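# Architecture at a glance
So you can see what is in the structure, the chains are spelled out below.
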Amino acid sequence: MPTDTDGSSFEEVDLTPSPQLLEALGDIPYKPWQCLAELIDNSFDDFLADPDPGERQEVWITLPKASDYDPVVSLQDNGRGMSPEMLQNALKAGYSGKRRYGSLGLFGMGFNIATARLGNQTEVRTTRAGDADWLVVEIDLRRLQQNDTFRTPLRREPKLDLTEHGTEVIVRRLRAEIADDLKKTHRHTQIRGDLGRVYSYLLRGASPIPGVPDGPMAGRGFRLKVNGKTVSPRLPCVWSSSRTVTKQGREIPAVKSVDIRMAAALACMKCGHWQNPDLDLDRCAQCDSDDMRLSERRIHGWFGVQRYLDETDYGIDFLRNGRKIRTGDRSLFVWENPDDGSQYPEYPVDIPATQGRIVGEIHLDHVPVGYQKTDFNRESRDWRQAVIALRGEGPMRPKKAAAAGYPLNSSPLGEIFKGYQENRPGAESLTPGNGRTAIHDATREWGGKFHSGKYPEFLSDEIWYQAVLAHDEARENGGTLARSKAPDESGDSLAGRTGLSPTTGIQPDRATPLSPSAPPPAREIMETEDERFERYRADARQVVDLTGEVTLPRLGRRFVTVFDTRTPLLDDQAQQVPSLTRMGRGVNLEVFVNGEHPVFREYGRDPRDYALMEIAQTLLAFAPDGQKITAVTAEVTRQFPDQRVTESALRDRADSLLGRVRELMAPIVGPMAGELWEALPDEVRQRAERDAGRSNAALDWPTVLKNGAFVAHLDAAGIAAVVRAHPSRFLDGAVFRTSWSGWSDTAVKDRQVTQTVRPLEVVGEFLAEPGTKTRLELSLARITFDILDDSVAGSV
């Protein structure tokens, strides 16, 4: 009987687990891609620890095909390989031959969970450069259970090439449900996508995105293939760091690097636990090991602004040792009050309030993760410190911070939030638009092209940025179908301010308008075709929301650019026409519409409809079966989601319009806040107060009433009521272009007020009335919105 150090005897209990434990690990609900990721982690761990690989570091994965009679899953890498001792330790459940600190995770535990989840028999082969043999171990779960032992033989196979090195894992006798699932071809594509997202940082190279500096986004350049196809890293579709917005007199770039050095601390080499740097410990507080190393704790990465708005595709990716543990996490967008634990969502709240565009990648190599690697330990001290370092202790919204007793938030995330929390179209918020509204649907489509990797022209942010500039140019010139102004000699133009040329061409000398029957000037008769179209292009503005790829079955693919020009268009017979099409190089197609043509000015036709018909007519020339022009036009129209006249699209536009009006009203309302608030009907005041309460429960409402900030919570009817009460303050170009003070007749003045507020009241009715609306009701709403848009100051 064993004795203790003091000589007393004691009995022992054998806690060696049954071999059935390994098979039971297979019941842990890992998805197939997670099983593969556990095996990939071990290969990438070895890659990261190799200071001089001498060759491209690669992992090859083979998944079963539908035709496979005996399906297997295999992984092979060209890492350094393992010695017999390293192999034995690596295969022990719960043992980490590579140590917890500085690696993607437990080799033994993750390996056994992954392989048991996939199948019942696993073979591991490994060798190092210079070794004479391959080391081969077979783990047969059923045989281990039958023999009631964990011991399994190690055999050696001679190598033909002594320079060979690496490790291979082959899983056979797959679980039936796993085999059936992995045989599906679409599942291979999905797995490549999942792995491309999780290992994006490790897979991408030094300069992954044009216009974005290498530093914060540069990766390690590992290569991963699944069934012979390369796994492409999912790159962040962010604005170039050279793009900026100006807030409170300060430029804020669209990408902000993060590099926060925390106090060094002891990391346990056995269990990976980081010790509290405030305590003087010589042994690990978690496992009592004395194998500890003083190591740096660093929070690094970047925050940035995505080029498109989305309901789900935004948020922060958190990484540990290169692998993404959390993707699209939004917990940093919520402020938690430390006094009572109440939580206040801070982003997104701008219209549309369910969509966001702030993204980022943050490395937290010192923060512990769960064994499934699906999240960090959010109760740990290290996680809490990281949250404060990244988003600050107080709210990011200045008024909420002040109300809660915190100073202005100057954290890394707070800076990006300050510059890009709003989604107003134009350079002010770096949001593409069409001269009237933001083109969120189109930019999401462009984002899809970016992520597909098939369209080089969408890799840089130039197309997005041109849409930003085009929106501002259009706003300065009366809407989406207005001609650009020439820059003045002082250079105070959009191009002069940004250093970039807008999409529109400039033609200071406008061509003399022609009547439909008037002959063209002699110089136009003598023009070549190239010269004629160059003249059209020079006096044109790009119609951004009708620019993009059009692909129809059997009719081919075209990249379309639509221009609006006030120069009369002439066909090949020198006859004036409302629209023209010209084929460019490759698949490029240019469409020109003359917004001054009588069919638009006198008959109320929409130039966009003619542009769509021109595109359809061009595609129809390639039709094999004589499709109808109306059918093709309908298909072309559906290729441009921003042309939709749906209730949701119109609601977005209404919210954007009202936001512009409130912004113009704010400086006027402030000095006369009390008077204006008292003039509002009770129901309007009640709705404003309720809206304020929903948006910010900590809002100091009496202060808001005093300083006039309540205007941000007025609905359309409330804005109309304010204008009716004090037209002299808000008409005559102050907020609305409608003239008022110059009229002496009271009836005329009343009519001017009515013409201004009636569209506001229609907008309010549209937003307030639920239920499906008819096509005519939607068309009427769009026309009303156009009228309101044109009446707002600054629209010309």
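Within each chain, residues carry numbers counting from 1 in the order of the written sequence. Local features in this predicted model are restricted to residues whose pLDDT is 70 or higher, and side-chain atom pairs enter the listing and the counts only when it is 80 or higher, whereas totals over whole chains, interfaces and linings include all residues. Values reported for side chains reflect all heavy atoms of the structure, with hydrogen atoms and water molecules removed beforehand.

## Digging into the overall build of the protein chain
Scanning the protein chain for helices and strands turns up 28 helices and 24 strands. When a residue's accessible area, from a 1.4 Å probe over protein chains only, is under 20% of the maximum for its type it is buried; when over 50% it is exposed; and in between it is partly exposed. Taking all 796 residues of the protein chain together, the buried fraction comes to 50%. Residue contacts follow a heavy-atom distance rule, with two residues in contact if any of their heavy atoms lie within 4.5 Å. Taking the intrachain contacts of the protein chain between residues at least 6 apart in sequence as the baseline, contacts between residues at least 24 apart amount to 67%. Computed by Shrake-Rupley with a 1.4 Å probe, the accessible areas treat only the displayed protein chains as cover when residues are assessed. A total accessible area of about 37600 Å² is found for the protein chain, and carbon and sulfur atoms account for 50% of it. The numbering of helices and of strands both runs from the N terminus, where a helix is a DSSP run of H or I of at least 4 residues and a strand a run of E of at least 2.

## Let's talk about the pattern of salt bridges
A pair is scored as a salt bridge if a Lys or Arg side-chain nitrogen falls within 4 Å of a carboxyl oxygen belonging to Asp or Glu. Evaluated as defined, the whole model comprises 51 salt bridges. K449 is paired through a salt bridge with E445; the nearest N and O atoms lie 3.4 Å apart. Pair noted here: K449 and E445 are both in helix α13 (residues 440–452), with a separation of 4 residues, about one helical turn. Judged by its relative accessible area of 9%, K449 falls in the buried class. In the salt-bridge network here, residues are joined through shared partners; they are E123, R125, R155, E157, E168 and R172.

## What about the packing of helix α2 (residues 32–49) against helix α7 (residues 185–198)?
As a packed pair, α2 and α7 sit with axes 10 Å apart at the nearest point and diverge in direction by 50°. Classified by the angle their axes make, α2 and α7 are oblique. Handedness of the α2/α7 crossing: right-handed. Here P32, W33, L36, A37 and I40 of α2 come into contact with α7, specifically with I191, D194, L195 and V198. Polarity classes work like this: nonpolar for Ala, Val, Leu, Ile, Met, Phe, Trp, Tyr, Cys and Pro, charged for Asp, Glu, Lys and Arg, and polar for all others, with Gly in that last group. In terms of residue class, the contact of α2 with α7 is made up of 8 nonpolar, no polar and 1 charged. To obtain an axis, a line is fitted to C-alpha atoms, over the contacting stretch when the element is a helix, and the angle between two such axes runs from 0 to 180 degrees between their N-to-C directions. Note on terminology: angles under 35 degrees are roughly parallel, angles over 145 are roughly antiparallel, angles of 65 to 115 are roughly perpendicular, and the others are oblique. By convention, the crossing between two helices is left-handed when the near helix turns anticlockwise from the far helix through less than a right angle, and right-handed when the turn is clockwise.

## Considering the nonpolar core
Take the buried Ala, Val, Leu, Ile, Met, Phe, Trp, Tyr and Cys residues and link them wherever side-chain atoms come within 4.5 Å; each set so joined is a nonpolar core. Grouped together as the largest cluster of nonpolar side chains are 53 residues, with contacts concentrated most on F303, F318, I362 and L364. Mapped by element, the contributors of at least two residues to this core are β11 (255–268), β12 (292–310), β13 (315–320), β17 (356–364), α10 (381–391), α12 (412–420), α13 and α14 (462–476). Ignoring sequence-local partners within four residues, the contact set of F318 consists of R323, K324, I325, R326, D329, L332, I362, L364, F376, W383 and L390. If you look at the next biggest cluster of nonpolar residues, it comprises 48 residues, including L75, A114, V124 and V169.

## A short note on the sheet that holds strand β8 (residues 229–230)
Backbone-to-backbone hydrogen bonds pair the strands of a sheet. The strands run either parallel or antiparallel. Any two strands with at least two DSSP bridges between them are considered paired. Read from one edge to the other, the open sheet built from 8 strands follows the order β5-β4-β3-β6-β2-β1-β7-β8, with strand pairing classed as mixed. Each edge of the open sheet is held by one strand with a lone partner, namely β5 (154–158) and β8. Alignment of strand β7 (residues 223–226) against β8, held across 2 bridges, turns out to be antiparallel. Note that in β8 the partner of V226 across the bridge is K229. Running at roughly 165° to β7, α7 makes contact with β1 (58–62), β7 and β8 of the sheet.

## Here we look at the packing of aromatic side chains
Two rings belonging to Phe, Tyr or Trp (six-membered ring only in the last case) form a pair when the distance between their centres is within 6.5 Å. Interplanar angles under 30 degrees mark stacking, angles over 60 mark edge-to-face geometry, and anything in between is tilted. Enumeration according to the criterion identifies 27 aromatic pairs in this entry. Clustering of aromatic rings is evident, with ring pairs tying together W446, Y455, F458, W464 and F559. Whether a charge sits over a ring comes down to the Lys NZ or Arg CZ being within 6 Å of the ring centre and within 35 degrees of the ring normal. Directly above the ring of W134 sits R125, whose terminal nitrogen or CZ lies 5.3 Å from the centroid.

## Thoughts on the sheet that holds strand β14 (residues 323–329)
An order of β11-β12-β17-β13-β14 is seen for the 5 strands of this open sheet, with the pairing classed as mixed. Among the strands making up the open sheet, the edge pair consists of β11 and β14. The mean inter-strand angle of the sheet, taken between neighbouring strand axes irrespective of direction, is 15°. Bridge analysis of β12 against β17 gives 8 bridges, and the strand direction is antiparallel. Paired with H300 across the bridge in β17 is H363.

## Focus on the confidence of the model for the protein chain
Here the protein chain averages 82 in pLDDT, and 84% of its residues register 70 or above. Low confidence marks residues 94–108, where pLDDT is under 50. Its contacts with residues over four positions away, or in another chain, come to 54 contacts. Per residue, pLDDT measures the predictor's confidence, with a range of 0 to 100. Within the model, the stretch residues 480–525 combines pLDDT values under 50 with 84 contacts to residues more than four positions away or in other chains.

## A short note on α10
Given 3.6 residues to a turn, an α-helix orients residues that are three or four positions apart in the same direction. Buried residues of α10: D382, W383, A386, L390 and R391, and no others. Down the axis, α10 shows its buried residues gathered within 135° of arc, on one side only. Backbone geometry just downstream of α10 places G392 in the positive-phi region, at approximately 85°. Throughout, the arc means that of the directions going from the helix axis to the C-beta atoms.

## Digging into unusual backbone geometry
The step from Y347 to P348 runs through a cis peptide bond, and the omega angle for that step is -5°. With respect to the secondary-structure elements, P348 resides in the loop between β16 (343–345) and β17. Although it is not a glycine, D732 adopts a positive phi angle of roughly 60°. Residue position: D732 is located in the loop between α26 (727–730) and α27 (746–768). Note on D732: relative accessible area 36%, which makes it partly exposed.

## A closer look at the packing of helix α21 (residues 647–669) against α27
Interhelical geometry of α21 versus α27 gives an angle of 135° and a closest axis separation of 11 Å. When the interaxial angle is binned, α21 and α27 end up oblique. Crossing geometry of α21 relative to α27 is assigned as left-handed. For the pair formed by α21 and α27, the contact residues are E647, L650, R651, A654, D655 and L658 on the first element and L760, V763, F766 and L767 on the second. Within the contact of α21 with α27, the residues separate by chemical class into 7 nonpolar, no polar and 3 charged.

## Describing the pairing of strand β9 (residues 244–247)
Across the two faces of β9 the burial differs, with V245 and K247 buried and T244 and T246 not buried at all. In the sheet, β9 pairs with strand β10 (residues 250–253) via 4 bridges, with the strands oriented antiparallel. Within the sheet, the bridge partner assigned to T244 lies in β10 and is P253. What sits between β9 and β10 in their antiparallel hairpin is a turn of 2 residues, with Q248 showing a positive phi close to 55°.

## Here we look at the environment of H471
Considering the arrangement of structural elements, one finds H471 in helix α14. C-alpha of H471 to C-alpha of A438: the two residues are 33 residues apart in sequence and 8.5 Å apart in space. Residues contacting H471, with those up to four places away along its chain left out, are P425, G426, G433, N434, G435, R436 and T437.

## Some thoughts on the pairing of strand β4 (residues 133–140)
Residues in a regular strand project their side chains so that they alternate between the two faces of the sheet. Taken across its 8 residues, β4 has 6 buried, putting it largely inside the fold. Of the strand pairs in this sheet, strand β3 (residues 119–127) and β4 are connected by 6 bridges, and their pairing is antiparallel. For E123, the partnering residue across the bridge sits in β4 and is E138. In this sheet, β5 lies alongside β4 in antiparallel orientation, the contact comprising 5 bridges. Of the residues in β5, the one forming a bridge with W134 is E157.

## Here we look at the environment of G548
Residue position: G548 is located in strand β19 (residues 548–552). Residue class for G548 comes out buried when judged on its relative accessible area of 6%. In the structure, G548 is positioned 40 residues away from N588 in sequence and 9.9 Å away in space, judged by C-alpha atoms. When neighbours within four sequence positions are excluded, G548 is seen to be in contact with R558, F559, V560 and F640.

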